[in-house]
Number of protein chains: 2
Amino acid sequence: MNHLWFTAQQRTQTAVVTVTANLPNAHTGGAVSLADVATLRVGLAQMNPTVGDLAGNRTLIADLYAQAVAAHCDVVAFSELSVTGYPPEDLVLKPGFVRDNRIVVEDLAKLTGSCVAVIGFVDSGVGNQVASGRPVIYNAAAVCANGAIQHVYHKRLLPNYDVFDEERTFEPGSGEHHIFDVAGVKCAVSICEDIWRADGPVSQQARAGALVNININGSPFHSGKLLEREEMLRTRATENKCAIVYVNQVGGQDELIFDGSSMVFAADGTLLSRSAQFESGLTVVEINVDQPQIASVAPISDRYAEMYGALVLGTRDYVRKNKFTDVVIGLSGGIDSSIVAAVAVDALGADHVHGVAMPSRYSSDGSKTDAYALAEALGIDCRTISIEPVFEAYLSMLAPSFAGKPADLTEENLQSRCRGQILMALSNKFGWMVLTTGNKSELAVGYFTIYGDSVGGYAVIKDLLKTDVFGLSRYVNQRAGREIIPESVLTKPPSAELRPDQRDDQSLPPYDVLDPILALYVEQDRTAAEIIELGHPEDIVRRIARLVDINEYKRRQCPPGVRVSEKAFGKDRRLPITNGYRG
Amino acid sequence: MNHLWFTAQQRTQTAVVTVTANLPNAHTGGAVSLADVATLRVGLAQMNPTVGDLAGNRTLIADLYAQAVAAHCDVVAFSELSVTGYPPEDLVLKPGFVRDNRIVVEDLAKLTGSCVAVIGFVDSGVGNQVASGRPVIYNAAAVCANGAIQHVYHKRLLPNYDVFDEERTFEPGSGEHHIFDVAGVKCAVSICEDIWRADGPVSQQARAGALVNININGSPFHSGKLLEREEMLRTRATENKCAIVYVNQVGGQDELIFDGSSMVFAADGTLLSRSAQFESGLTVVEINVDQPQIASVAPISDRYAEMYGALVLGTRDYVRKNKFTDVVIGLSGGIDSSIVAAVAVDALGADHVHGVAMPSRYSSDGSKTDAYALAEALGIDCRTISIEPVFEAYLSMLAPSFAGKPADLTEENLQSRCRGQILMALSNKFGWMVLTTGNKSELAVGYFTIYGDSVGGYAVIKDLLKTDVFGLSRYVNQRAGREIIPESVLTKPPSAELRPDQRDDQSLPPYDVLDPILALYVEQDRTAAEIIELGHPEDIVRRIARLVDINEYKRRQCPPGVRVSEKAFGKDRRLPITNGYRG
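The structure displayed is predicted, hence computed values, not measured ones. (Residues numbered from 1 in each chain as written. Chains lettered and ligands numbered in written order. Predicted model: local features only at pLDDT ≥ 70, side-chain atom pairs only at ≥ 80, totals over all residues.)

(A) Representation of helix α9 (residues 388-402) of chain B within the structure. By the largest-angle criterion, Ser396 of chain B marks the main kink of α9 of chain B, which is about 30 degrees, and a proline, Pro400 of chain B, follows within four residues. The set of residues buried in α9 of chain B consists of Val390, Phe391, Ala393, Tyr394, Met397 and Leu398 of chain B. At its buried positions, α9 of chain B is contacted by α9 (388-402) and α10 (409-430) of chain A together with α10 (409-430) of chain B. (Bend = angle between axes of the 7 residues up to and from the residue. Helix = DSSP H or I, 4+ residues; strand = E, 2+ residues; numbered from the N terminus. Buried ≥ 20, exposed ≤ 12 C-beta atoms within 10 Å, placed from the backbone. Contact = placed C-beta atoms within 7 Å.)

Printed below as a string of structure tokens:
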């Protein structure tokens, strides 16, 4: 393996990669002679910061810089806002926070020698924002060398869509572009969104003579985004005839997963290097005109392997960065809790995962058996706490109020809330974080009990439609080469088991009918009328659309979880709770 | 009373106001002769739309237009995005929704005759947003008359701070300004933020000859904002020597309260008219150069009266617009649940408010007495359901797991969650919305039980610091001229009563120490270090700041509630849950 991979946190690999590339430049007429260009040894510091942890991030950056120096890098690039972690959200509206982050980047600059460090931080400008009265700030990159900040670049294109709110906090950069020499090679720095537009800063920098564009990123993952990014970077490299060093953050931050997969493209669009997805570390790539050569391109995972990797990283980082070690999961014997337990074991280790079976009078024998079979296959602790005594107590206490009223959803919700309360009691007593097991199909139509099965700190599969939960479960068994998730769990009809012989398809259409409608309505912003026009059954579409709308209030009170789609319930989709639209 | 107040929903007043004003214009050299200007009869349609309810909003607009015609108005102005309601949030990202809203505004235009209607709607432009690929849209105002849309104005200044996300969805307008004649008077239209900047569209329009600026708004309330708005409008009128017709939405939309208080300023800065705060209706103002005259200026309420009005409107609209009629409140005998019950009675009527006392072994006799005294004073239904049987059942079921562990917060949280579950069971069985009773001080430091006392649909006083809860309670008694909230509730030391002899000040500093620190840390974005420098005790500040930070995850799962401050927990304050900053 010809890949130099320095460890930021846990992993170490030892081989060295040398990647070489041609460095002509379209805008200088392709007339760059070989004598004009030199060998550039670049470090891509794919780091996993914690948002706000300035001291911790400083240590990560300093350690990776030392490794880059040891590896004889000419330049090392850290990810977007590496000092604060991305996205810092409204933390940057605290002027004191911006001051503190400035001190860190200045201290880091003092550590630098001839190896140039490109470090993301929040820069403060002159004057105040007109509307808010607070100081102007920029999403910035410091080019540091020889003990000082040599230049500061301000991000020019600020994303303000989907999960991004950068126009809320930052001003865009402007003015002349700064092109600087590293080891005789003309370089420029750009930040994330800057590279996504053909007529943006990257082409301006190429026109100004940049042969290498160092683009630092906090680019969140969604399923399939890797290929989208690659396509865009290849286009940007070839249309500007400049090499691109694309460095991305890695790690989970609340709902967002940053998947790393940092890349180097040659000016002719050849992918020279791709770092591992979901793992932190330093990749060293040598760019040289004489011996163009592809090396160290990490393979792309298939859809479910990638999704699983995202869930594991997101869960591990949310739990650990919030200073928890252990989690507790209600095991119903169903597929949702099974896959969540499997992810948790890969994220935290079997010793840190605790299962609880909480049967009621309506639980099938199969469910109890399946819960324990799963726990055994995963090697996790499991206990049983029947909810019958409290369920009985609630029914008696409420009997005077409920006199003359038939049993309905109230009694079903009560059972679910008894379970939620038991999980929270174990959480409180032992310091275990509750992992929530609901999927995106349920979350969409409100097929869950608020304060019941929705309780918890992190909702691992909240952005997976039920059909993907099935696909992912099969992947888990296939990868293990054995039945981690019992086959009976994969084949029995889904049920909440809150009344006798209950099945999901008594309340909802089958998932292979439901999920495509949800994808259109929720993820693609189609109206019910448009979905009906596409040929889906009118009665079902109208009912589903209405359920999605009226359950916004329940989703708002649900825990965060891993975003894997292009539009998750969360910062992607900001709909009013009070909403009279029925289109 | 010389005030023509047409009823949009409930209220009717019958007198007529004629407001007259000089109409010189600074930018045309003040050389406007009396012959150049005519009398302009303006209707200010202070309406209460429901976001997304296109059919309902259309009816409101059509009714108010008919009233304006009946009152011989030359022009009637509706609030910002009156067709969709403000703020529509990501609803406008559905192209089908934008199409549907366009149909409504075109239909409304067909109803118009010689009375000009200025109607807010979402306009679609040509081309797509670069980043997202969706169609370009504008926050727009249609100037309608004689059966058609005569002109469309696009908002130019898009707020993207605090609770606003307009750059996320809208493109700003540009180009020449359109000045139009109404009854011989040169008018221009602007939208909300457009008027807040001295060098913005309003001054450009005045330079282009506008003598009257019709500014339509969706301006959310916070305590004290009315005076801030007035000051700004007076400045804008005098510096441009143009009259300003400021029309604001009224009503609650999720967390935001729109307080109405529509105003008319003369070109010399005189306030000619102010509509009632928190009430919908049409105000008719006649602007005439010959007889300048102030009239129909609704008085400004004092701080607690205004705050109370906001809570009542917010609660009423959230409950009713979400199709609920009744609410249920856990009455602890404490001040928080008492004030929430008082608000609910004013919002919905005593017959629609249900109290539940849920004593435990730790409840004092005083608490039980106080809960019933309150219920009696308010004339609401009240019942008692002891939580002892379920609390006992939980303790027994958990005993094997908890063996050898001392009692701690777990057992306190259990009690709170038993209460939450009883409230939710009553909610499910009877269709009552649970009103949540936590205040901002508790929410800030996490002094509440997630899934316990935080359960509910709407959190009435979530944005009131505890010291304001006291102030507001005294206001309620004073206004009633009798003890609505029992004096003992106002004077006893606050306690959660979850263990023997518990008091809030055993866990927290006294509220008069805590609240000023919270105001600085939460509302004013100061760091702990800065607050210590201001002279607050270091140990307390550090502990409070840490509590605020680590309880972000709990606040995220809390219900929405009325925003009364300049920075509520909600869209105002978007902080990461995973957050390592301790500055």
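Next, the rest of the story.
(B) View of the relation of the copies chain B and chain A. Note on the identical chains: chain B maps onto chain A by a rotation of 180 degrees and an axial translation of 0.0 Å, with an RMSD of 0.0 Å. Such a combination of rotation and displacement between the chain copies is what one expects of a two-fold axis. Minimal C-alpha distance to the rotation axis in chain B is attained by Gln557 of chain B, lying at 2.0 Å. Most of the interface of chain B is mirrored in chain A: 100% of its interface residues are interface residues there too. (Least-squares fit on C-alpha atoms with pLDDT ≥ 70 in both.)

(C) Spotlight on the sheet that holds strand β10 (residues 243-248) of chain B. All names here are of chain B. As summarised here, the arrangement of the six strands in space is β7-β8-β9-β10-β13-β14, forming an open sheet in which the pairing is mixed. For this open sheet the edge positions go to β7 (180-182) and β14 (271-274), each flanked by a neighbour on one side alone. The average angle at which neighbouring strand axes cross in this sheet is 25 degrees, direction not considered. (Pairing = 2+ DSSP bridges. Axes fitted to C-alpha atoms, helices over the stretch in contact; angles between N-to-C directions.)

(D) Just the packing of helix α15 (residues 511-523) of chain B against helix α17 (residues 538-550) of chain B, in detail. Residues and elements named next belong to chain B. It is at 10 Å that the axes of α15 and α17 come closest, and there the two elements cross at 60 degrees. Taken together, the axes of α15 and α17 are oblique relative to one another. Seen from above, α15 lies across α17 with right-handed handedness. Contact residues: Val513, Leu514, Ile517, Leu518, Tyr521 and Val522 in α15; Ile540, Val541, Ile544, Ala545 and Val548 in α17. When grouped by side-chain class, the residues that make up the contact of α15 with α17 number eleven nonpolar, no polar and no charged. (Parallel < 35°, antiparallel > 145°, perpendicular 65-115°, else oblique. Left-handed = near helix turned anticlockwise from the far one by under 90°. Nonpolar A, V, L, I, M, F, W, Y, C, P; charged D, E, K, R; others polar.)

(E) Layout of the interface of chain B and chain A. Between chain B and chain A, the contact holds 76 residues from the first and 76 residues from the second. For the side of chain B that touches chain A, the secondary structure elements donating two or more residues are α1 (54-70), α2 (95-111), α3 (166-169), α6 (303-321), α9, α10, α16 (528-533) and α18 (552-556) of chain B. Of the residues belonging to the side of chain B that touches chain A, the class tally is 33 nonpolar, 22 polar and 21 charged.

So far we have only geometry, and geometry alone does not tell us how the molecule works.
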